[in-house]
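Descriptive analysis of the structure
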Amino acid sequence: MNVNGNLSPNEQQRMASFFAERRIPAIFERAIEGYITKKVGKSWDNPVILERLRHAIVAQKDGYWKPSQQRRLKYTKGYSVLGYLGYHFPVYFMQTEHLVAMLARDGLLKKTMTVLDAGTGPGVVPFAIADFYSRLDDARTTIYSVERSEEHIEAFKYLRDHCTKKDANTSIKLPFMADITTVDPVKNLEKIDLLIFSNVLNELNTASPEQRADLVMKFAKQLSPDGLILIVEPAGETTSTQLRILSLTLKKRGLTIHSPCSFIWSTNCTPDRCWSFVTAPSIIPTRLMETLAACKEPFRYVNTDIKYSYVVLRKDWETWKQYRVPAGSRVLRLSQIHRHANKRVNIIAAKMSEDLGDAKTHMFLLCDGSAKKPVYAVVPSYHITMENKKIVSAPYGSILELQNVLVRYNGAHDAYNLLVNRNTGIIPTTTHNTRHEPTLKN
Ligand SMILES: C[S@@+](CC[C@H](N)C(=O)[O-])C[C@H]1O[C@@H](n2cnc3c(N)ncnc32)[C@H](O)[C@@H]1O
């Protein structure tokens, strides 16, 4: 790492090599198999055990698909934790690595960090952070966690014993066994630099946005003044939208939404139908997944897609983009789009999805923080030109000016489409619109 805090070329190279592999470190694959063998008293690839794991995975997925009020996701005895290790662990591990890499790119990691992971399960987040830090030369983390399920904590201990080294630059503490909704702020903790809720708040199925916000604010008391909160949820419509509603609730409680949202008109948004998520390259299936998939319905047991919704919040005022629409700009606020159906307009908005369309017609969610209904850019591939191709290539969250787009109301979805054609210009806004190289702060 150089004096400006940029990661060294060697560190960047190690990270790039890791992501190119698209698989979790083999030590975790083997340890998960070993843990299953230890818990059930037979080899993990015994046909009877595999069949029980398949049942557990299907039962867990059925639970996920239920409306949130009817979900009863319990990780108690039996195969539920083993199913989680086999099916969810690998994808969530890689997802966390991508999120930590994003924090590094945004200059949000510190050289010495204290992390608290709430609802840690078998330790996916701590192990992924430790793995990320193992590729850095002189940075250190200490990771604490909270978890209420004894079975998950047992798996956590096993993985810690089998997959981490004592002299590593990350110290992973065993989880505090507690319910995050009732626990007092965790005692004897130093100030936390990074507080994480990964795939957990959606499991508090009876909690209202206000109650979830109470919970996050309770933990936020332990944040250092420049500390971060990272909340991650599955990309499904309900969990994703709930995350945006929670984010706005937390903003109204005084936290700053650092990313991925940009409030370019300095208004609060209407998040009720905001379904915005990120995708990352899918992972290579583990040996366990492939073995489970050697059956009649293989697709049920292979979980490789990485799709997630996230928000980074802070106590201070720093945001990833400081861009605001300049006074006097002749662009339409999306709150006024209903007055402009079938007309050509200019707008400025953030691209808040990757491609939701197909090879023939690309489609991207847009947000300027003022829209009351979802707005999409619709781009037929035969209309792509040098002047408008940035809409396709710009990364998630980029702020773009769309010049000369036709507004169409889509009654079937109660949404607006902005049709991009050959005469449309797409111009990235210049201020603070790029993420820099990975950096570490002192
Ligand atoms: C889907 S898992 C996510 C685990 C891990 N954070 C990840 O991203 O893979 C949800 C975890 O949150 C835990 N959990 C749910 N509600 C909790 C609560 N009220 N208190 C503590 N842990 C909770 C569950 O036991 C489970 O381990």
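Residues numbered from 1 in each chain as written. Predicted model: local features only at pLDDT ≥ 70, side-chain atom pairs only at ≥ 80, totals over all residues. Heavy atoms only, no water.

Comments concerning the overall build of the protein
- Along the backbone of the protein there are eleven helices and 17 strands.
- For 442 residues, the compact-globule estimate of 2.2 N^0.38 gives 22 Å, and the C-alpha radius of gyration of the protein, at 22 Å, lies within 12% of that figure.
- Considered along the principal axes of its C-alpha atoms, the protein spans approximately 70 × 55 × 45 Å.
- Counting only residues that meet the buried cut, the protein has 57% of its 442 residues in that class.
- In the protein, once contacts between residues fewer than 6 apart in sequence are set aside, the share between residues at least 24 apart is 77%.
- Accessible surface, the protein: about 19,600 Å² in total, of which carbon and sulfur atoms supply 52%. (Helix = DSSP H or I, 4+ residues; strand = E, 2+ residues; numbered from the N terminus. Rg over C-alpha atoms; globule rule 2.2 N^0.38 Å. Buried < 20%, exposed > 50% of the residue type's maximum accessible area, 1.4 Å probe, protein only. Contact = heavy atoms within 4.5 Å. Areas by Shrake-Rupley, 256 points an atom, 1.4 Å probe, with all protein chains shown as cover.)

A word on the nonpolar core
- Membership of the largest hydrophobic core comes to 84 residues, with the highest contact counts inside it found for L53, L85, F89, F93, F132, L159 and Y310.
- With eleven residues, the single largest contributor to this core is helix α5 (residues 89-105).
- Each of two domains, domain 1 (9-314) and domain 2 (334-428), supplies a minimum of three residues to this core.
- Once you skip the residues sitting within four places of it in the chain, L53 turns out to touch I36, Y79, L82, G83, L288 and L292. (Core = buried A, V, L, I, M, F, W, Y, C linked by side-chain atoms within 4.5 Å. Domains from an automatic or database assignment.)

Digging into the site of the ligand
- Taken together, 20 residues form the shell around the ligand, and within it Y84, G119, E147, D179 and S198 come nearest.
- Contact distances for the ligand include 2.6 Å between an oxygen atom and a side-chain N or O atom of Y84.
- Here the ligand, which alone exposes 590 Å², has 99% of that area covered by the protein.
- For the shell around the ligand, the residue count by class is nine nonpolar, seven polar and four charged. (Near = heavy atom within 4 Å. Polar contact = N/O pair within 3.5 Å; in protein donor to acceptor, adjacent residues only side chain to side chain. Nonpolar A, V, L, I, M, F, W, Y, C, P; charged D, E, K, R; others polar.)

Regarding the domain arrangement of the protein
- Under the domain assignment, the protein is made up of domain 1 (9-314) and domain 2 (334-428).
- A separation of 32 Å is found between the C-alpha centroids of domain 1 and domain 2.
- Counting each side, the surface lost to burial between domain 1 and domain 2 is near 1,400 Å², with a carbon and sulfur contribution of 52%.
- When the buried area of domain 1 at its contact with domain 2 is split by residue, I264, T270 and R273 rank highest and sum to 37% of it. (Buried area = accessible area lost by both parts, 1.4 Å probe.)

Remarks on the pattern of salt bridges
- Summed over the entire model, instances satisfying the criterion amount to 22 salt bridges.
- Close ionic contact of R54 with E51 constitutes a salt bridge, the shortest N to O distance being 2.6 Å. With R54 and E51 both in helix α3 (residues 47-65) and three residues apart, this pair spans about one turn of that helix.
- By relative accessible area, R54 is classed as buried at 8%.
- In this structure E51 comes out as partly exposed when scored by relative accessible area, which is 38%.
- Close ionic contact of R135 with D131 constitutes a salt bridge, the shortest N to O distance being 3.1 Å. (Salt bridge = Lys/Arg side-chain N within 4 Å of Asp/Glu carboxyl O.)

Focus: the pairing of strand β11 (residues 344-351)
- Of all eight residues making up β11, six are buried, and the element is well covered by its neighbours.
- Across six bridges, β11 lies against strand β14 (residues 399-410) in antiparallel orientation. Along β14, the bridge assignment pairs A349 with L400.
- Bridge count between β11 and strand β12 (residues 361-367): two bridges; the pairing is antiparallel. (Pairing = 2+ DSSP bridges.)

Observations regarding empty space enclosed by the protein
- One pass over the full model with this rule turns up three cavities of 30 Å³ or more.
- Estimated volume of the second largest cavity: approximately 40 Å³.
- Considering the residues around the second largest cavity, the lining is formed by I24, E29, I32, E33, L85, G86, P90, T286 and L288.
- Secondary structure elements with two or more residues in the lining of the second largest cavity: α2 (26-40) and α4 (80-87).
- It is α2 that provides the largest number of residues to the lining of the second largest cavity, a total of three residues. (1 Å grid on protein atoms, 1.4 Å probe; cavity = no way out; pocket = protein on both sides within 12 Å on 5 of 7 lines; lining within 4 Å. Points joined across faces, edges and corners; volume = space filled by probe spheres on them.)

Focus on unusual backbone geometry
- In the segment running from S259 into P260, the intervening peptide bond is cis, with an omega of 5 degrees.
- Counting through the fold element by element, P260 comes out in the loop between β8 (256-259) and β9 (278-280).
- At N342, a residue that is not glycine, the phi angle is positive and equals roughly 70 degrees.
- As for its placement among the helices and strands, N342 is situated in the loop between β10 (306-314) and β11.
- The phi dihedral of N404 falls on the positive side, at around 70 degrees, and the residue is not glycine.
- Following the sequence through the fold, N404 ends up in strand β14.

Overview of the packing of aromatic side chains
- Applying the stated criterion across every chain yields a total of 15 aromatic pairs.
- Their ring planes at 25 degrees and their centres at 5.9 Å tell us that F89 and F93 sit as a pair that is stacked. With F89 and F93 both in helix α5 and four residues apart, this pair spans about one turn of that helix.
- Residue class for F89 comes out buried when judged on its relative accessible area of 0%.
- Note on F93: relative accessible area 0%, which makes it buried.
- Taken together, the aromatic side chains of F28, F89, F93, F127 and F156 make up a single cluster linked through ring pairs.
- Looking at R135, its charged tip hangs above the ring of F18, at a distance of 3.9 Å from the centre. (Phe/Tyr/Trp six-rings, centres within 6.5 Å; stacked < 30°, edge-to-face > 60°. Lys NZ or Arg CZ within 6 Å of the ring centre and 35° of its normal.)

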